[in-house]
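# Architecture and fold: a report
Listed here are the chains, written in short residue letters.
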Amino acid sequence: MAATTTGLAVGSILGAVSLAAVLGNVLLLVVFGRSRRLHTSSPATCFIANVAVVHVLAVLLCNVPTIAAALSGAWAMGQAMCMVQTFFRALALLLEAHTLALLAFERYLRICRPLKHEEVFSGTVVLILLSGLWLCDTIIALNPFYGWGKITYDQLGFTCDLDWVKSESLLIFTTLVALVLPLAAAAACYIAILLLCYCLAPLTGIIGGQVLRLKKRVSPVSTTDEDKSPSQRNEKDEQGNNNQETYAEKLRRQEYRLQRLLQTHEMGAKCAEKPRLEVMRKEREGQSESDSEFEDLPPPRTEMEHSRREAELRAWKMRHRPREVALAKTTLLLGVVFLICWLPYLVVTYVKAYALVSSAAGTLTALVLVHLSTAVNPYICVLHSNKYRRHCRKALSCKRRGR
């Protein structure tokens, strides 16, 4: 069958999109591979690299066969390649949706609960999560091979796809697993981040991701519990049993203690730098300067002191919050673009399955947007994020260290 004008136009557009997708995603993976700091700075970079790998494979196994069919006017790669294309399109949809949901959860913990983030997203846990994600999504994408759904060639879209008219239950299941549940979880995480960073900023003492320097509401001459002798502390405990400390007094005391800790750290930062070998040792062990500050403190004696110590450590972890919030905005934009690219395909599929109506213009528009989803992510990361743009310039520069 000879190629039509529509087929040539669609093939040319998809060819340009696929070329941009390969260049952008390979560039992102090269930057990730050459920048060691990206490996250890945040698990979010590992998730973004995982999406880039999925997109490169989607271009090779989904976009290229569709381009060949559009340019030739017929499917000439056999039933086996048709099944591979259908399987990997479903796998790419599941992997991208679930990875973006994990990205949102990782951003939520990093910004809202930084201490919990270090416990959950360690290097080993990230590898386990990604391996489990590929395994589970592969099992789900193999549903047509279990007899749940039938694979056919769609002449309007120049692609192989499931016969959704005869697989309505599979369509509903795929919608829930691939779109509704992951996007709902991601939306909840981003709403929590928004509430903490903007709506609750006056209450938490955080505006724009920066820890405020609390005003002194307690005289600096007054002594804290640590400066008093054991007999004085015992007297204070006895008085506390008779006259309970109010919430306002407790809050002022904690604010003054936090302010003293911040001033101590600022004074220490102005001193001479530590030996380079000591700094490199702490970086290899994954220990930060703020963590070592707390290791010198004595262990907490009471539950209240333990909670206060955690609050102080959390304040140290919030020093880099503006950078983390900026990365969260980038991941949110990735999720919005993913929804925009895949929603028309979902609408066209539901109309075809339930109304038994198919439009060539709607099918081709949805097809182009689905293929476009493989190309936009790396350019969003580079253009919207200063972090990735900086690492991209370093990775592509010809200058090497030591030259």
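Residues numbered from 1 in each chain as written. Predicted model: local features only at pLDDT ≥ 70, side-chain atom pairs only at ≥ 80, totals over all residues. Heavy atoms only, no water.

### Notes on the pattern of salt bridges
Going by this rule: Any carboxyl oxygen of Asp or Glu that lies within 4 Å of a side-chain nitrogen of Lys or Arg is treated as forming a salt bridge with it. Throughout this description, buried means an accessible area under 20% of the type-specific maximum (1.4 Å probe, protein chains only), exposed means over 50%, and partly exposed covers the range between. A run of H or I in DSSP counts as a helix once it spans at least four residues, and a run of E counts as a strand once it spans at least two, with each numbered from the N terminus.
Evaluation of the coordinates by the stated rule reveals five salt bridges. Among the ionic pairs, R107 bridges to E106, the shortest N-O distance being 2.8 Å. Summarising the burial analysis for this pair, R107 and E106 share the class buried. Of the charged contacts, one joins E324 and R107 as a salt bridge, the two residues approaching to 2.6 Å between their closest N and O atoms. Taken as a pair, E324 in helix α14 (residues 321–355) and R107 in helix α4 (residues 78–112) lie far apart in primary sequence, 217 residues in all. Classification of R107 as buried rests on a relative accessible area of 0%. Residues joined by salt bridges that share partners form a network here, namely E106, R107, R110 and E324.

### Let's talk about the nonpolar core
Operational definition: Throughout, nonpolar core names a set of buried Ala, Val, Leu, Ile, Met, Phe, Trp, Tyr and Cys residues whose side chains join them through atoms within 4.5 Å. Contacts are assigned to residue pairs that have any heavy atoms within 4.5 Å of one another.
Formed by 66 residues in total, the largest nonpolar core has its most connected members in V10, F47, F88, W164, F338, W342 and Y388. A per-element tally of this core places α4 first, with 13 residues. With near-sequence residues (within four places) excluded, F88 lies in contact with V54, L57, A58, L61 and C62. Grouped together as the second largest cluster of nonpolar side chains are 11 residues, A104, A186, C189 and L196 included.

### Concerning the state of the cysteines
Heads up, the condition is: Any two cysteine sulfur atoms within 2.5 Å of one another count as a disulfide.
Here the structure, examined in full by the defined rule, presents one disulfide. C82 shares a disulfide with C160; S-S distance 1.9 Å. Taking the torsion about the S-S bond as the criterion, the C82 to C160 disulfide, at about -120°, is left-handed. Here C82, found in helix α4, pairs with C160, found in strand β2 (residues 159–162); they are 78 residues apart in sequence, far enough to count as distant. Counting only cysteine sulfurs, C112 is the nearest neighbor of C189, a cysteine outside any disulfide, at a range of 8.7 Å. Among the residues examined, C189 registers a relative accessible area of 11% and is labelled buried.

### Side note on the confidence of the model for the chain
Going by this rule: The pLDDT score gives, residue by residue, the confidence of the prediction method on a 0 to 100 scale.
When pLDDT is averaged across the chain, the result is 76; 67% of the residues are at 70 or more. Confidence, expressed as mean pLDDT per element, reaches its minimum in the chain at strand β4 (residues 210–211) with 38 and its maximum at α4 with 93. Of the regions scoring below 50 in pLDDT, residues 267–277 engages in four contacts with residues more than four places distant in sequence or in other chains.

### With respect to helix α1 (residues 5–34)
Our working rule: What a helix should span is 1.5 Å times the count of its residues minus one.
Between its first and last C-alpha, α1 extends 44 Å over 30 residues, near the 44 Å set by a 1.5 Å rise per residue. When α1 is considered as a whole, its buried residues turn out to be G7, V10, G11, L14, V17, S18, A21, G24, N25, L28, V31 and F32.

### Describing empty space enclosed by the protein
Filter applied, for reference: Cavities and pockets were defined on a 1 Å grid built from protein atoms only: a cavity is a group of points that admits a 1.4 Å probe but offers it no way out, a pocket is an open group of points flanked by protein on both sides within 12 Å along at least five of seven lines, and a lining residue is one with an atom within 4 Å of any such point. Grid points are joined across faces, edges and corners, and a volume is the space filled by probe spheres set on the points.
What the rule picks out here adds up to five cavities of 30 Å³ or more. Empty space within the largest cavity amounts to approximately 320 Å³. Lining the largest cavity are 24 residues; nearest its centre among them are A90, L93, L162, W164 and T174. For the lining of the largest cavity, the elements supplying multiple residues, two or more each, are α4, α6 (123–141), β2, α7 (168–199) and α14.

### Section: the pairing of β2
Note the threshold: Any two strands between which DSSP finds at least two bridges are classified as paired.
In this sheet, β2 lies alongside strand β1 (residues 151–154) in antiparallel orientation, the contact comprising four bridges. Paired with T152 across the strands is D161, a residue of β2. Counting the residues that bridge the hairpin from β1 to β2 gives four residues, and of these F158 lies at a positive phi of roughly 55°.

### Remarks on the packing of aromatic side chains
So the rule is basically this: Aromatic pairs are defined between Phe, Tyr and Trp rings, using the six-membered ring for Trp, whenever the two ring centres lie within 6.5 Å; interplanar angles under 30 degrees are classed as stacked, those over 60 as edge-to-face, and all others as tilted.
Under the definition given, this model contains nine aromatic pairs. Their ring planes at 75° and their centres at 6.3 Å tell us that F87 and F145 sit as a pair that is edge-to-face. In this pair, F87 is assigned in helix α4 and F145 in the loop between α6 and β1, connecting sequence segments 58 residues apart. On the basis of relative accessible area, F145 is assigned to the partly exposed category, the value being 39%. Each ring, one from Y350 and one from Y354, has its centre 5.8 Å from the other, and the planes form 5°; the classification is stacked.

### Focus: the environment of Q85
Note the cut-off: In protein, a polar contact means a hydrogen-donor-capable atom and an acceptor-capable atom, both N or O and within 3.5 Å, with residues adjacent in sequence counting only if both atoms are side-chain atoms; elsewhere, any N or O pair within 3.5 Å suffices.
Examined against the element boundaries, Q85 turns out to sit in helix α4. For the pair formed by Q85 and A58, sequence separation is 27 residues and the distance between their alpha carbons is 8.6 Å. Residues in contact with Q85, not counting those within four places in the same chain, are L61, C62, P65, T66, W75, T159 and C160. A distance of 2.7 Å separates polar atoms of two side chains, one belonging to Q85 and the other to T66. Polar contacts involving the side chain of Q85 include one to the main-chain amide nitrogen of C160, which spans 3.0 Å.

### Notes on the packing of α1 against helix α16 (residues 386–396)
Condition: Orientation is described by axes fitted as lines to C-alpha atoms, over the contacting stretch for helices, and by angles from 0 to 180 degrees between their N-to-C directions. Roughly parallel means an angle under 35 degrees; roughly antiparallel means over 145; roughly perpendicular covers 65 to 115; every other angle is labelled oblique.
At their nearest, the axes of α1 and α16 sit 9 Å apart, and the two run at 80° to each other. Put simply, α1 runs roughly perpendicular to α16. When α1 is examined against α16, the residues L27, L28, V31 and R34 are found in contact with a partner set consisting of Y388, H391, C392, A395 and L396.

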